[in-house]
Structures are given as C-alpha cells and as structure tokens.
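Notes for the structure review
Listed below are the residues making up each chain.
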Amino acid sequence: MKLLMILSLLAAISSAAAPKNILLICIDDLRPELNAFGADYIQSPNIDQLAQVGRPFHRHYVNAPSCGSSRFTMLTGRYGSPGNDALFKRAHQYADDPASVPPSMPEWFRKNGYTTVSVGKVSHHPGGLGGSDWNDESKIELPNGWDRYLMPCGEWQHPRGAMHGLSNGQTRTRKNYPALESVEGPDTLYPDGLIADEGMRQLEELASSEKPFFLAIGLIKPHLPFGAPAQYMKPYKDLSLPPIPHPEKPQGRTTWHSSGEMFGRYDHGGLDPRNDAAYADRVRRHYAACVTYADKHVGDIMSTLRKSGADKNTIVILWGDHGWHLGEHGIWGKHALFEESLRSPLIVYVPGMEKPGIKTEAVVSTLDLFPTLCDLTKVPVPDFITGESLSPMIKNPDTAGHIAYSYWGDKITLRTDTHRMILHRKDGFVELYDHTTPDKETVNIAAEHPDLVAELKSQLEAMRK
Ligand SMILES: [Ca+2]
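Keep in mind it's a predicted model, so treat the numbers as computed, not measured.

What about the overall build of the chain?
In terms of helices and strands, the chain carries 13 helices and 19 strands. A compact globule built from 465 residues would reach a C-alpha radius of gyration of about 23 Å, and the chain, at 22 Å, matches this within 12%. Its C-alpha atoms give the chain principal-axis dimensions of about 75 × 55 × 50 Å. Within the chain, the fraction of its 465 residues that count as buried is 50%. Taking the intrachain contacts of the chain between residues at least 6 apart in sequence as the baseline, contacts between residues at least 24 apart amount to 69%.

So, in structure tokens, the structure goes:
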C-alpha cells in the first residue's frame, strides 16, 4: 500500500514538473455561431464541451478581419500588414536579413525545447507553402516555425485546390464554383476530414514522445464554399432561424463593402440573399452545417487527446481567425471593421484550471495568445511581442480586459469595454458606436461626442507606436 502511494506521488510530481503541451485548433471563418456562445439553434456539442471545461472568451477580437493578416498576429504576437500575404512578406524579410525578424510563436517554442507541428490551415496557406499551387517547398510561409508542416490534399491534388475544395476532390474553377453544396458522403468528402485524420495521427505520435509538443491543427470549414456532408444539414432542415439582426446596409460612411468574395467568386445560381429571404435562410443553414461539421472534427481530435492520456498535461486553444457577416449590416462576408467581422470564438483549456466553464466578458485580442501560452507553459515571455497574457482571466473570469486594436486597408479601430471607434486614416473621418445602447453599431455618434473621439484617437495613436 505504502509503495503504491509513493509511486502515485512520484507520478504526480513528474507530471507536474513536465512542461505542458499545446494543442491549438484553428477554425477558418468561424463566427461565434456556437451553442456555447449563445447561438442556441446551432449544434456544436464538442466545442460546447470544451467551453464547459475551459474558459470561453466571449469578447475576443481578431486584429484583422481576414485570414492571412489575422493569422500573422496570432503566429507572431505582433501587428503586421493588413494583406493576406503578411506572412510571406515577413518570410522575404527573413530571407534578406534573418536578424531583423523576431522569432514567430512556433519558432520560439521550438527554441525552448518543443516539437512543433502544423497540420492544415494554420498560416494563410494550408501546409504553409507558396508557389502557384501553394506546394513549392522553396517558399515557406513561416521559416523555422514548424518541425513539420503538413497538408494532406488527397483528390484535391494541392493545397490551393483543397483550400476552396468542393466535394469529392473537385476544385473551384471558373466554370465550377457553387457557393453552396449538399452532397451525401463520409467526413472525408471535404479536405477537413483528411486534415483531422492527419492531425490525430500527429497527436498520437507526439503524445507518446518524451519532448513537449506544440501541435496546431487548422480546419478550413466553415470557409466558403459552404458545403458539408449532407448529414450535417439535418439538424437545420426544419428549424426556424432567428431573424438577421440589423440587416440594412448602413447609412453614411462605414467600412461596409459589396461582399466581393461571396458574390464575385462564388456562383449562387442567379439567387441573391440580399433580396431573397428564402435564399438567405438557405445560406445560413449551409453555414450552420459547416460549423457542425467542424465541430465533429473538434470532437474527434479531443477524443484522441483524451485516449492518449496527454489531456492531463496539454493546454487546448480553440481559435477562430475572424468573424463573418451572415447578412448583418447588409454584408455577406468578412473584411469590414464591424463587430461581426472582428469578433471570433476563443476558448482556453488548462488542465486543473479553476472555475471551468465560466465565460469571461473581458475584451481581449488575438495578439494575447503568444504571451498567454508562454505564461501557461513557463516558457520565457519574449520582449518583442505586444499582447498581454490572459492568465488573469483564465484564473478569474471577472478580471477586466483591455482595448482591442484592429485594422483593415487604411482604416483602424479600437474596441473598448463600451465603445467602438473606427478611424478612416485617409481623411480623418470617424465612426463612433456605443455598445451600451440598443443601437450599437447602427448609429454613428461621433459628431455628438467630440471629447470621447479625441480621447480614443489619442489612445489609438499611442497603440500604433
Ligand atoms: Ca479566415
């Protein structure tokens, strides 16, 4: 008996002393359209389960409302350029003068003894390579970041084909580019099935190794085209969806745009959700099905983590790279600076954490992930990163957050606990929205509040330095 007690004590000491692993699950274009985040018509049982054992951040804002630039800040802990090529620009600078480019987050963990692996869409290009089909081994998006950067493409042939992949290995072409699909088939009907399978293989291998690991798995859905195996449509078949909040195109100057990605790059068969309520409903149901399909993979990955036993010593992060307007403000897409574009789900699970399952309303941003993960793993926090550790909110969900700064094109924005201000840098035009009133982001109150505008502008200038 005594021997057993000593052995179990020794096991506990060794597990407490072992550096914690990191499992980062990135989901593309996932607005907080989750049951755990208040969208109770959505079937997301696995992400909800993670929210129940972790800390869901209900006011997490990305630093840019687009895949490439948002992932830049997540992976480097620094503000970057607003374009999708932000990481490739960094890679060019790295090639010219490596000393001038601080290490990325995976590179930093690698330097600190971690095995780092990415599977799927973690940086902008799934698999992290450039070239015409995104598979050129000489063009690495995040040099020295990952020990392995993997993208299983199956019938889609190359990462570019998989990124906008249609069912059964079809790729998006000029003649074949449906926005919506509903086809019967297994989970591998779309590339995410392959990504999840490879991610789980890597997880099993890493969990059996002595070294700590940082594994990032990036799922592509619910990014356009909105297609998931038909079984994922079933929960939404006869469901009445709640009305679209503030569906009108905003009056006056805003960051509204004409939803070029949705209407310029995808075929809607002559239908338009902006003037056809039944079609708008169909689009929303397809998006919901893609969320449920992504959720299924999250469940499989978490189950693999538990079976490996590594869950007791692995931090899990679930992160959406930005939001998506499903008709709010008359937009069907991302790329604006409204709440719907910038707010995305963030859940942090730390083994043994206090007060699990309690949401926090603290305003935080994607930039905070790098210092948070250093803090939680006791890896040194580098001095070249900008965010703040979320450990205080992980310990106590009532802890206050901080201002979130985001940018797109030549426009920049601040989100405080109560307001959003957007500055059009070209000519200084300002949008100011009060989130404490029911109007929220539908009425620009800048003209009536010059003092607040001046105060927020000075904060914005300070943050840009
Ligand atoms: Ca995205």
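Quick look at the sheet that holds strand 14 (residues 346-349)
Through backbone hydrogen bonds, the strands of a sheet pair up, either in parallel or in antiparallel fashion. Pairing is mixed in the open sheet, where seven strands are placed in the order 2-14-11-1-9-4-7. Of all the strands in the sheet, just strand 2 (55-57) and strand 7 (148-150) have a single pairing partner and so form its edges. Averaged over all pairs of adjacent strands, the angle between their axes in this sheet comes to 10°, without regard to strand direction. Here six bridges tie strand 1 (residues 21-27) to strand 9 (residues 213-219), and the two strands are oriented parallel to one another. Within strand 9, the position partnered with I22 by the bridge is F214.

Quick notes on the environment of I25
Relative to the helices and strands, I25 resides in strand 1. With 96 residues separating them in the primary sequence, I25 and K121 have C-alpha atoms 9.8 Å apart.

Concerning the domain arrangement of the chain
By a widely used convention, the size of an interface equals the accessible area lost when the partners come together. When cut into domains, the chain gives domain 1 (18-405) and domain 2 (410-465). Spacing between the C-alpha centres of domain 1 and domain 2 amounts to 27 Å. Facing the 14 residues of domain 1 at the interface are 14 residues of domain 2. Split into classes, the residues belonging to the side of domain 1 that touches domain 2 amount to eight nonpolar, four polar and two charged.

Let's talk about the environment of K334
Of note, K334 is situated in the loop between strand 13 (332-333) and helix 10 (339-342). The buried category is assigned to K334, around which 29 C-beta atoms lie within 10 Å. Other than its neighbours up to four places away in sequence, K334 contacts D29, P65, S66, H322, G323, W324 and S341.

Observations concerning the nonpolar core
Ranked by size, the top nonpolar core spans 122 residues in total, and within it I25, L50, L215, I301, I317 and L318 carry the most contacts. Element by element, the count of residues in this core is highest for helix 9 (residues 277-308), at 13 residues. Residue assignment places this core across two domains, with domain 1 (18-405) and domain 2 (410-465) each supplying three or more. In contact with L215, other than residues within four places in its own chain, are L23, V117, Q202, L203 and L206.

Focus: the packing of helix 2 (residues 45-53) against helix 9
Their axes nearest at 7 Å, the elements helix 2 and helix 9 cross at an angle of 55°. Between helix 2 and helix 9, the angle is such that the two are oblique. Counted together, P45, N46, I47 and L50 of helix 2 and D295, K296, V298, G299 and M302 of helix 9 form the full contact between these two elements. Broken down by class, the residue content of the contact of helix 2 with helix 9 amounts to five nonpolar, two polar and two charged.

A closer look at the pairing of strand 16 (residues 404-408)
A regular strand places its side chains so that they alternate between the two faces of the sheet. The element strand 16 is extensively covered by neighbouring structure, given that five of its five residues are classed as buried. Sheet topology places strand 16 next to strand 17 (residues 411-415); five bridges connect them, and they run antiparallel. Across the sheet, W408 pairs through a bridge with K411, a residue of strand 17. A loop of two residues connects strand 16 with strand 17, the two strands running antiparallel in sequence, and G409 in this loop sits at a positive phi of about 60°.

As for the sheet that holds strand 19 (residues 429-434)
Taken together, the four strands give an open sheet; going across it, the order is 16-17-18-19, and neighbouring strands pair in antiparallel fashion. The open sheet has two edge strands, strand 16 and strand 19, and neither has a second partner. Averaged over neighbouring strand pairs, the angle between their axes works out to 15° when direction is ignored. Looking at chain direction, strand 18 (residues 419-424) and strand 19 are connected through six bridges and run antiparallel. Counterpart to H419 in the pairing with strand 19 is D434.

A closer look at unusual backbone geometry
A cis amide bond, omega 10°, links K221 with the succeeding residue P222. Within the fold, P222 resides in the loop between strand 9 and strand 10 (226-229). Look at the link from L224 to P225: it is a cis peptide, with omega at -5°. Mapping P225 onto the fold places it in the loop between strand 9 and strand 10. The phi torsion at W134 lies on the positive side, around 65°, for a residue other than glycine. As for its placement among the helices and strands, W134 is situated in the loop between strand 5 (129-130) and strand 6 (136-140).

Reading the values: rules and limits
- Residues numbered from 1 in each chain as written.
- Predicted model: local features only at pLDDT ≥ 70, side-chain atom pairs only at ≥ 80, totals over all residues.
- Helix = DSSP H or I, 4+ residues; strand = E, 2+ residues; numbered from the N terminus.
- Rg over C-alpha atoms; globule rule 2.2 N^0.38 Å.
- Buried ≥ 20, exposed ≤ 12 C-beta atoms within 10 Å, placed from the backbone.
- Contact = placed C-beta atoms within 7 Å.
- Pairing = 2+ DSSP bridges.
- Axes fitted to C-alpha atoms, helices over the stretch in contact; angles between N-to-C directions.
- Domains from an automatic or database assignment.
- Nonpolar A, V, L, I, M, F, W, Y, C, P; charged D, E, K, R; others polar.
- Core = buried A, V, L, I, M, F, W, Y, C linked by C-beta atoms within 7 Å.
- Parallel < 35°, antiparallel > 145°, perpendicular 65-115°, else oblique.

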